[in-house]
Amino acid sequence: MAKGMREIKRQIKSVQSTKQITKAMEMVAAAKLRKAQEKAEAARPYSEKLKEVVASIASSTQGIQHPMLESRPVKKTAYLIITSDRGLAGGYNANVLRQVNQTLKERHNSQDDYELFVIGRKGRDYFRRREMAMASTTTDLSDSPSFADIKSIAHEAVHGFELAEFDELYICYNRFVNALTQIPTVEKLLPMETPEVTAAEGPTASYEYEPSAEAVLEVLLPRYAETLIYGALLNGKASELGAKMTAMGNATKNASKMINELSLTYNRARQAAITQEITEIVAGANAAQG
């Protein structure tokens, strides 16, 4: 009995140590989540202004043409997939990879019909284990990534569409709703629909472009597409941290529940041991008197 009680006590200490770790990780993820949301909000004005300029050029120029705005027969499709480098984030990676896998099965009959651009070690390892070729990968991103961290893979994906290496580009990521909810999302990025000009109250600015509107659009459209990829990355990073915070919170609650159950088992075993000792003492006293 004493040996069993020592084992239960050891388990309680082990679970208490785990609880301290998960609680600390939950608090760290919560702090990083706030920063990730702030960074996503800070990047939004630039993206919106770029969208406004692109829409202004496209709407004021008749017959404008650009490879990124032109739909063509789809022979090959590219997917840019955003995952994390580390785990302990609940179903964050599994959900988006499941969605991507389902999309590939529904839309394509062969791996020759698509290309994969993958951000994050979890996604890279997932496709590598299944022997699925990847055009490009990027790993080891921080919890507060900069545009420079993904500029290479974003440029490669966008430029590949411009060169007609593939005819569509989709971006796959977890869209952040709140810390409890992240929605696996597959969105078409290219060919890009011309952004609509929103009606503005009051006077509006009239722009003149040098050397021409087409030349400016030639530079802005790829940059705008890369900015949308970066925005999805920030959204995905917020989702990852939200999922991690939730997962660590659940782990902490489960640890507390396990500690309570083990403590109850320990107390029952201790009570049984005391009762047995009293019984043995009484039996011994009765035997001595007899």
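This structure is a prediction, so every number in the text was calculated from the model and none was measured. (Residues numbered from 1 in each chain as written. Predicted model: local features only at pLDDT ≥ 70, side-chain atom pairs only at ≥ 80, totals over all residues. Heavy atoms only, no water.)

Novice: Got a minute to help me understand the overall build of the chain in this structure?
Specialist: Secondary structure summary: the chain contains five helices and five strands in total. Against the globule reference of 19 Å for 290 residues, the chain gives a C-alpha radius of gyration of 29 Å, more extended than a compact globule. Seen through its principal axes, the chain has C-alpha atoms that stretch 115 × 50 × 25 Å. For the chain, the proportion of its 290 residues judged to be buried stands at 41%. (Helix = DSSP H or I, 4+ residues; strand = E, 2+ residues; numbered from the N terminus. Rg over C-alpha atoms; globule rule 2.2 N^0.38 Å. Buried < 20%, exposed > 50% of the residue type's maximum accessible area, 1.4 Å probe, protein only.)

Novice: How should I be thinking about the sheet that holds strand E4 (residues 168–178) in this particular structure?
Specialist: Note: strands within a sheet are paired through backbone hydrogen bonds, in either parallel or antiparallel orientation. Within the open sheet, the five strands sit side by side as E3-E2-E1-E4-E5. Their pairing is mixed. Across the chains shown, the open sheet's two edge strands, defined by having one partner strand only, are strand E3 (136–138) and strand E5 (181–190). In this sheet, neighbouring strand axes are inclined to one another by 20° on average, regardless of whether the strands run parallel or antiparallel. Where E4 meets E5, nine bridges bridge the pair, whose relative direction is antiparallel. Bridging from a neighbouring strand, Asn 178 pairs with Thr 181 of E5. (Pairing = 2+ DSSP bridges. Axes fitted to C-alpha atoms, helices over the stretch in contact; angles between N-to-C directions.)

Novice: Even after reading the chapter, I still don't get the packing of aromatic side chains, so can you show me in this structure?
Specialist: Describing an aromatic ring pair means giving the distance of the ring centres and the angle of the ring planes. Tallying each qualifying case throughout the model produces five aromatic pairs. Between the aromatic rings of Tyr 79 and Tyr 114, the centroid separation amounts to 6.5 Å while the plane-to-plane angle is 75°, which identifies the pairing as edge-to-face. Here Tyr 114 lies in strand E2 (residues 114–119) and Tyr 79 lies in strand E1 (residues 77–82), a separation of 35 residues in the sequence. When sorted by exposure, Tyr 79 lands in the same class as Tyr 114, which is buried. With a centroid separation of 5.6 Å and 20° between ring planes, the pair formed by Tyr 79 and Tyr 170 is classed as stacked. With Tyr 79 in strand E1 and Tyr 170 in strand E4, this pair connects stretches of sequence that are 91 residues apart. Tyr 170 matches Tyr 79 in its accessibility class, with the two residues each being buried. (Phe/Tyr/Trp six-rings, centres within 6.5 Å; stacked < 30°, edge-to-face > 60°.)

Novice: Would you take a moment to explain the nonpolar core for this structure?
Specialist: Considering soluble globular proteins, one finds that nonpolar side chains tend to be buried as a cluster. In this structure, Leu 80, Ile 82, Ile 150 and Leu 190 are the most contacted members of the largest nonpolar core, which totals 40 residues. At the level of secondary structure, the elements contributing two or more residues to this core comprise helix H1 (2–60), E1, E2, helix H4 (147–162), E4, E5 and helix H5 (213–289). Take this core: its biggest share by element is 13 residues, from H5. Once residues lying within four places of it in the same chain are set aside, the contact partners of Ile 150 are Ile 119, Leu 141, Ile 229, Tyr 230 and Leu 233. Judged by nonpolar contacts, the second largest core, of 14 residues, contains Ile 81, Val 96, Tyr 114 and Val 118. (Core = buried A, V, L, I, M, F, W, Y, C linked by side-chain atoms within 4.5 Å. Contact = heavy atoms within 4.5 Å.)

Novice: I would appreciate a short explanation of the environment of Met 192 in the present structure.
Specialist: Mapping Met 192 onto the fold places it in the loop between E5 and H5. Residue classification places Met 192 among the buried residues on the basis of a relative accessible area of 6%. In this structure the C-alpha to C-alpha distance between Met 192 and Glu 168, which are 24 residues apart in sequence, comes to 9.4 Å.

Novice: Would you explain the pattern of salt bridges in this entry?
Specialist: Should the charged atoms of two oppositely charged side chains come close, the side chains can pair. Under the criterion given, the structure shown has 13 salt bridges. The salt bridge partner of Asp 125 is Arg 124, with a shortest N-O separation of 3.1 Å. A relative accessible area of 23% places Asp 125 in the partly exposed class. Between Lys 237 and Glu 240 there is a salt bridge; the shortest N-O distance is 3.0 Å. Placement of both Lys 237 and Glu 240 in helix H5 is noted, with a separation of three residues, approximately one turn of the helix. In terms of burial, Lys 237 and Glu 240 fall into one category: buried. (Salt bridge = Lys/Arg side-chain N within 4 Å of Asp/Glu carboxyl O.)

Novice: Looking at this model, I keep getting lost on the pairing of E4. Mind explaining?
Specialist: Where burial is concerned, most of E4 is hidden: eight out of the eleven residues are buried. As judged from the five bridges shared by E1 and E4, these two strands associate in the parallel manner. By the bridge assignment for E4, Tyr 79 is matched with Tyr 170. The turn linking E4 back onto E5 is made up of two residues.

Novice: What should I look at first to understand the environment of Leu 220 in this one?
Specialist: Looking at the element boundaries, Leu 220 is found in helix H5. Expressed as a C-alpha distance, the spacing of Leu 220 and Lys 51, which sit 169 residues apart in the sequence, is 9.2 Å. Every residue in contact with Leu 220, bar those within four places of it in the chain, is listed here: Leu 50, Val 53, Val 54 and Ile 57.

Novice: What is the right way to look at the packing of H4 against H5 in this model?
Specialist: Each packed pair of helices is defined by two parameters, the angle between the axes and the distance between the axes. Axis separation between H4 and H5 bottoms out at 9 Å; the angle between their running directions is 125°. Put simply, H4 runs oblique to H5. Crossing of H4 against H5: the hand is right-handed. Along the contact surface, H4 presents Phe 147, Ile 150, Lys 151, Ala 154, His 155, Val 158 and Glu 162, while H5 presents Glu 218, Pro 222, Ala 225, Glu 226, Ile 229, Tyr 230 and Leu 233. By residue class, the composition of the contact of H4 with H5 is nine nonpolar, one polar and four charged. (Parallel < 35°, antiparallel > 145°, perpendicular 65-115°, else oblique. Left-handed = near helix turned anticlockwise from the far one by under 90°. Nonpolar A, V, L, I, M, F, W, Y, C, P; charged D, E, K, R; others polar.)

The analysis is restricted to geometry; functional conclusions fall outside its scope.
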